[in-house]
Amino acid sequence: MRNRDALVIRTPEGIEFSLPLAGPFSRMLALVIDIAVIIMLGSFLEKVLAPLLVFGQDLADALAVIGYFVISDLQRWRWRGQTVGKRLLRLRVVDARGLRLEPSQVVVRNLMRFVDALPLLYLVGGVACVLSRYRQRLGDLAAGTVVVRTPKLVRPDLDQILGSKYNSLAEDRRLAARLRQKTSPAIARVALEALLRRDQLEPGARLQVFNELAAHFRTLAPYPPDAIEQLSDEQYVRNVVEVLYRPADRSAQVSVLASGS
Amino acid sequence: MILDLARFVETGRPHWTALERALDWLESRPDPSMSLEELERFHGLYQRASADLAKVSALASEGELRRYLEWIVSRAYAEIHEARERRKFRPWRWITAEFPRTFRRHVRAFQLAVALTLLGSAFGALAMRIDPEAKYVLMPFEGLQTSPAQRVARERELQGKQLAGKKGRFSAELMTHNTQVALTTIALGMTFGFGTVAVLFYNGVILGAVALDYIRGGQAVFLLGWLLPHGVIEIPAILVGGQTGLVLAYALIGWGSRVSRPDRLRAVLRDLVTLAGGAALMLVWAGIVEAFLSQYHEPVIPYGMKIAFGLVEAALLTLFLSRAGSK
């Protein structure tokens with residue numbers, strides 16, 4: 001999953017971090033927004049500046065073409081790899097090695113649009129994006145850039161699913177810590193999503209999902225029978241999620257993540 | 001590893017927030033500078049966040065926290081490990097020194113672009129000589145489809161009046177078209193140079209066919225008077241575009257190089273931008289000259305004067321590209 005969906009960078013300090021790559025469709029959507037913004041801006045400037053154009057309409061068009069490249073390059077560089085469309089969709093152009101984006105990278109990436117747009121509707125760029133390892137169009141390959149997603153960092157509203165019931169799994173701190181250590185991030189997310197969407201599931205499917213999840217969690221931390229005997233599978237999963245997602249001081253985490261969003 | 005997450009977050013939060021603030025400050029400035037103390041503090045915050053990321057990476061529920069730490073660590077990593085030289089952009093210096101120096105550094109690619117265009121010209125001229133009917137295929141432009149004698153007669157009659165009030169527009173059209181051709185020639189370097197070679201060859205074919213058509217029609221002087229004023233800048237500009245595309249292709253192919261492809265491309269990025277910018281500037285000048293001078297013929301402007309103007313331009317351009325910025 002990592003190779004295809006994320007750019008993984010290992011720092012000289014030995015720390016590994018990954019940047020989630022943007023897909024071709026979200027990028028296309030960002031491009032459509034950018035084009036719409038340019039058209040709107042163009043028509044606005046046309047109306048405002050028309051009486052001032054001494055050299056006629058086509059010179060204005062030529063200046064607009066040059067202006068587009070200069071302004072979009074400058075904006076992308078100053079906004080650290082973002083255009084209006086990319087900002088709205090939380091995408092960002094970054095250096096493929098995780099370094100700072102250089103102005104020359106921005107310009108070359110933009111220049112290569114002439115090939116990426118061939119033969120029509122960015123077909124070449126789209127195919128390159130689908131086939132390349134890091135979802136790069138030709139402009140990205142030439143400039144050494146990738147487009148990443150900058151997801152909004154917000155915690156789910158746990159209060160709507162967890163409430164304030166007594167949690168027997170949280171009582172044993174050692175086992176709770178073991179549960180947190182043994183559970184993979186993906187499974188933790190599945191359990192949380194299952195709880196958030198429980199009302200959308202058919203009764204049979206709901207029983208089966210929570211049964212399988214509870215069975216999995218039981219193998220991770222061997223709680224004594226008296227701690228879990230009265231719990232249904234769904235309540236068991238609910239308690240596990242509370243252990244995983246809601247440590248003693250939950251306000252601390254929520255505010256940290258809010259500042260990062 | 002067993003971690004008291006609440007305490008971990010509580011103690012880490014002030015450092016992460018401080019790192020974020022420093023990053024926001026750095027990223028809001030194009031050319032930031034820090035004192036040694038600030039740098040040390042920034043580096044310390046980065047190391048702290050990196051260590052925290054390592055701790056939280058294995059935790060199940062902390063996907064969001066991990067992503068948050070990854071995001072600030074990646075931003076800090078970009079600032080700290082960037083070692084590429086940053087030079088302040090000075091337009092005058094860029095035009096008068098950096099562009100000609102870069103041109104000379106890649107002069108072999110330019111020579112190859114010239115050779116490909118000459119080859120195309122020879123092919124175009126040969127095709128016209130063998131099959132004059134090929135003119136309608138080789139020169140798909142309305143203005144060139146009539147015989148040279150007819151064209152000259154029409155131009156003499158019009159005396160450039162067809163452009164009255166439209167010179168700015170015509171100039172802009174030319175700039176836009178030529179810039180698009182040059183930029184496409186550059187971008188086609190990404191096809192391992194095949195596209196660039198094809199465009200250069202095709203430009204040569206048209207040039208050779210037009211030249212032979214006018215020479216055979218006894219209009220060589222008109223041709224020189226028409227083409228030289230703008231052509232001596234426009235054609236080299238397209239060739240510089242070709243040169244840029246070939247430099248890109250060479251970096252992609254990397255014959256005999258042990259350096260990886262991304263490194264090769266990274267090494268020529270700045271040169272590509274300089275050459276492309278230089279070509280675009282030349283085309284702006286050529287567009288102005290073509291609209292305001294080239295389209296006026298005798299008796300409005302004597303051919304000799306136009307040819308002399310073109311030759312002076314060619315000499316100055318040669319001098320500029322071969323000498324400017326020399327140390």
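Everything numeric in this text was worked out from a predicted model, so none of it was measured.

> I'd like to hear about the overall build of chain B, residue by residue, with values.
Regarding its fold elements, chain B presents 13 helices and zero strands. What you see in chain B, going N to C, is helices and strands ordered as α-α-α-α-α-α-α-α-α-α-α-α-α. Long-range contacts, defined as pairs at least 24 residues apart, comprise 79% of the intrachain contacts of chain B with a sequence gap of at least 6. Per element, the accessible surface of chain B, about 15900 Å² overall, is 63% carbon and sulfur.

> Just give me the short version of the overall build of chain A, but keep the residues and values in it.
The number of helices and strands found in chain A is 16 helices and four strands. Across the 261 residues of chain A, 46% fall into the buried class. Excluding contacts between residues fewer than 6 apart, the proportion of contacts in chain A whose partners are at least 24 apart in sequence is 68%. When the accessible area of chain A is evaluated, it comes to approximately 13500 Å², of which 63% is carbon and sulfur surface.

> Can you tell me about empty space enclosed by the protein, naming the residues and giving the values?
According to the stated counting rule, one finds four cavities of 30 Å³ or more in the structure shown. By volume, the largest cavity amounts to about 210 Å³. Along the walls of the largest cavity sit 16 residues, with Arg92(A), Val94(A), Leu99(A), Arg75(B) and Ala78(B) positioned nearest its centre.

> I'd like a rundown of the nonpolar core, residues and numbers included.
Within soluble globular proteins, side chains that are nonpolar tend to cluster in buried spots. The biggest cluster of nonpolar side chains holds 48 residues, and the ones touching the most others in it are Val108(A), Met112(A), Met190(B), Val240(B), Leu248(B) and Met282(B). If one sorts the elements of this core by residue count, helix 11 (residues 220–253) of chain B sits on top with twelve residues. Once residues within four sequence positions are removed from consideration, Met190(B) is found in contact with Met112(A), Leu138(A), Leu141(A), Ala142(A), Leu248(B) and Leu252(B). By size, the runner-up hydrophobic cluster in this structure holds 32 residues, among which are Trp16(B), Leu19(B), Leu53(B) and Val73(B).

> Residue-level account of the confidence of the model for chain A, with values.
Overall, the predicted model of chain A reaches an average pLDDT of 78, with 74% of residues at or above 70. Across residues 249–261 of chain A the pLDDT falls below 50, and counting only partners more than four positions away or on other chains, this stretch makes 31 contacts in the model.

> For the pairing of strand 3 (residues 91–95) of chain A, give the residues involved together with the corresponding values.
Residues and elements named next belong to chain A. Of all five residues in strand 3, five are buried; the element is thus mostly enclosed. Burial of strand 3 is two-sided: the residues Leu91, Val93 and Asp95 facing one way and the residues Arg92 and Val94 facing the other way are all buried. Relative to strand 4 (residues 145–149), strand 3 runs antiparallel, the two sharing five bridges. When the bridges of strand 4 are listed, Arg92 appears paired with Val148.

> Report on unusual backbone geometry, specifying residues and quantitative values.
Following Leu118(A), the chain continues to Pro119(A) via a peptide bond in cis, the omega torsion being -20 degrees. The residue Pro119(A) is located in the loop between helix 6 (113–116) and helix 7 (123–131) in this model. In the Ramachandran plot, Leu121(A) falls in the positive-phi region, its phi being about 50 degrees despite a non-glycine side chain. Here Leu121(A) is to be found in the loop between helix 6 and helix 7. Residue classification places Leu121(A) among the exposed residues on the basis of a relative accessible area of 72%. Despite not being glycine, Phe192(B) has its phi angle at roughly 60 degrees, a positive value. Mapped onto the secondary structure, Phe192(B) falls in the loop between helix 9 (167–187) and helix 10 (194–216). According to the relative accessible area criterion, Phe192(B) is partly exposed, its value standing at 37%.

> Now, about the packing of aromatic side chains: what can you tell me, with residues and values included?
Considering all chains together, one arrives at eleven aromatic pairs over all chains under this definition. For the pair Phe123(B) and Phe201(B), a centre-to-centre distance of 5.7 Å together with 45 degrees between the ring planes defines the contact as tilted. Highlighted residues: Phe123(B) in helix 5 (residues 107–130) and Phe201(B) in helix 10, separated in sequence by 78 residues. For Phe123(B), a relative accessible area of 45% translates into the label partly exposed. Against the face of Tyr236(A) rests Arg218(A), its NZ or CZ located 4.7 Å from the ring centre.

> Please set out a positive patch on the surface residue by residue, giving values where relevant.
Residues Lys88(B), Arg90(B), Arg93(B) and Lys327(B) make up a contiguous surface patch of positive charge. Mapped onto the fold, Arg93(B) is located in helix 4 (residues 91–105).

> Tell me what's going on with the packing of helix 5 (residues 103–111) of chain A against helix 12 (residues 261–294) of chain B, and back it up with residues and numbers.
Closest axis-to-axis distance for the helix 5 of chain A/helix 12 of chain B pair is 9 Å, and the angle between their directions is 70 degrees. In terms of orientation, helix 5 of chain A and helix 12 of chain B fall into the roughly perpendicular class. Helix 12 of chain B is crossed by helix 5 of chain A, and the crossing has left-handed handedness. The residues of helix 12 of chain B that touch helix 5 of chain A, namely those facing Ser104(A), Gln105(A), Val107(A), Val108(A) and Leu111(A), are Arg266(B), Leu269(B), Arg270(B), Leu272(B), Val273(B) and Ala276(B). In the contact of helix 5 of chain A with helix 12 of chain B, the residues fall into seven nonpolar, two polar and two charged.

> Tell me about the packing of helix 5 of chain B against helix 11 of chain B, and please be specific about residues and values.
Residues and elements named next belong to chain B. Running from N to C, helix 5 and helix 11 cross one another at 120 degrees; their axes reach a closest spacing of 8 Å. In terms of orientation, helix 5 and helix 11 fall into the oblique class. Relative to helix 11, the crossing made by helix 5 is right-handed. Side by side, helix 5 and helix 11 meet where Val107, Ala109, Phe110, Leu112, Ala113, Val114, Leu116 and Thr117 of the first sit next to Pro236, Leu239, Val240, Gly242, Gln243, Leu246 and Val247 of the second. Here the residues of the contact of helix 5 with helix 11 sort into twelve nonpolar, three polar and no charged.

> Hey, could you go over the side chain of Thr102(B) for me, with residue numbers and the actual values?
Residues and elements named next belong to chain B. Here Thr102 is to be found in helix 4. The exposure class assigned to Thr102 is buried, which follows from its relative accessible area of 1%. From its side chain, Thr102 meets the backbone oxygen of Glu98 in a polar contact 2.6 Å long. Not counting the four nearest positions on each side in its chain, Thr102 is found in contact with Asp271, Thr274 and Leu275.

> How would you summarise the pattern of salt bridges if you had to cite specific residues and measurements?
With the rule as written, the count across this model stands at 21 salt bridges over all chains. One salt-bridge network, in which partners are shared between bridges, spans Arg198(A), Asp199(A), Arg206(A), Glu234(A) and Arg238(A).

> Tell me what's going on with a nonpolar patch on the surface, and back it up with residues and numbers.
All names here are of chain A. A cluster of nonpolar side chains, Leu123, Val127, Val130 and Leu131, forms an exposed patch at the surface whose accessible area comes to about 390 Å². With respect to the helices and strands, the residue Leu131 is situated in helix 7. The exposed category is assigned to Leu131, whose relative accessible area is 69%.

Scoring rules and cut-offs
Along each chain, residue indices are assigned from 1 in the same order as the chain's sequence is written. The lettering of chains begins at A and the numbering of ligands begins at 1, in the order of writing. Confidence filtering applies because this is a predicted model: local features only for residues at pLDDT of at least 70, side-chain atom pairs given and counted only at 80 or more, and all residues used for totals across whole chains, interfaces and linings. In computing side-chain values, all of the structure's heavy atoms are included and hydrogens and water are not. The way it works is that DSSP assigns letters per residue, a run of H or I at least four long becomes a helix, a run of E at least two long becomes a strand, and they are numbered from the N terminus. The contact criterion used throughout is that any non-hydrogen atoms of two residues lie within 4.5 Å. Here the Shrake-Rupley method, with its probe set to 1.4 Å, supplies the accessible areas, and only the displayed protein chains count as covering residues. The buried label goes to any residue with under 20% of its type's maximum accessible area, the exposed label to any with over 50%, and the partly exposed label to all in between, with areas taken from a 1.4 Å probe on protein chains only. A pocket here means an open set of points on a 1 Å grid, computed over the protein atoms alone, that has protein on both sides within 12 Å along at least five of seven lines. A cavity is instead a set of points where a 1.4 Å probe fits but cannot get out; residues with an atom within 4 Å of a point line either one. Grid points are joined across faces, edges and corners, and a volume is the space filled by probe spheres set on the points. What is meant by a nonpolar core is a set of buried Ala, Val, Leu, Ile, Met, Phe, Trp, Tyr and Cys residues, joined one to another through side-chain atoms within 4.5 Å. pLDDT is a per-residue confidence score from the predictor, ranging from 0 to 100. Paired strands, as defined in this entry, are two strands with at least two bridges between them according to DSSP. Only rings of Phe, Tyr and Trp enter the pairing, Trp through its six-membered ring, and a pair is recorded when the two centres are within 6.5 Å. The plane angle decides the type: under 30 degrees is stacked, over 60 is edge-to-face, the rest tilted. By definition, being over a ring means that NZ of Lys or CZ of Arg is both within 6 Å of the ring centre and within 35 degrees of the ring normal. Like charges are joined within 9 Å and nonpolar side chains (Val, Leu, Ile, Met, Phe, Trp, Tyr) within 5 Å, but only among residues with over 30% relative accessible area and no salt bridge; these make up the patches. Think of a salt bridge as a Lys or Arg side-chain nitrogen and an Asp or Glu carboxyl oxygen that are within 4 Å of each other. All tallies of charge rest on Lys and Arg as positive and Asp and Glu as negative; His and the ends of each chain are not included. Lysine's charge is taken at NZ, arginine's at CZ, aspartate's at CG and glutamate's at CD. Interaxial angles span 0 to 180 degrees and are taken between N-to-C directions of axes, which are lines fitted to C-alpha atoms, for helices over the stretch in contact. Throughout, the term roughly parallel applies to angles under 35 degrees, roughly antiparallel to angles over 145, roughly perpendicular to angles from 65 to 115, and oblique to all others. Crossings are sorted by hand: turned counterclockwise from the far helix by less than a right angle, the near helix makes the crossing left-handed, and turned clockwise it makes it right-handed. For this classification, Asp, Glu, Lys and Arg are treated as charged, while Ala, Val, Leu, Ile, Met, Phe, Trp, Tyr, Cys and Pro are nonpolar and the rest, including Gly, are polar. Contacts described as polar in this section are N or O atom pairs within 3.5 Å, which, within protein, must combine one atom able to donate a hydrogen with one able to accept it, while residues neighboring in sequence count only if both atoms come from side chains.

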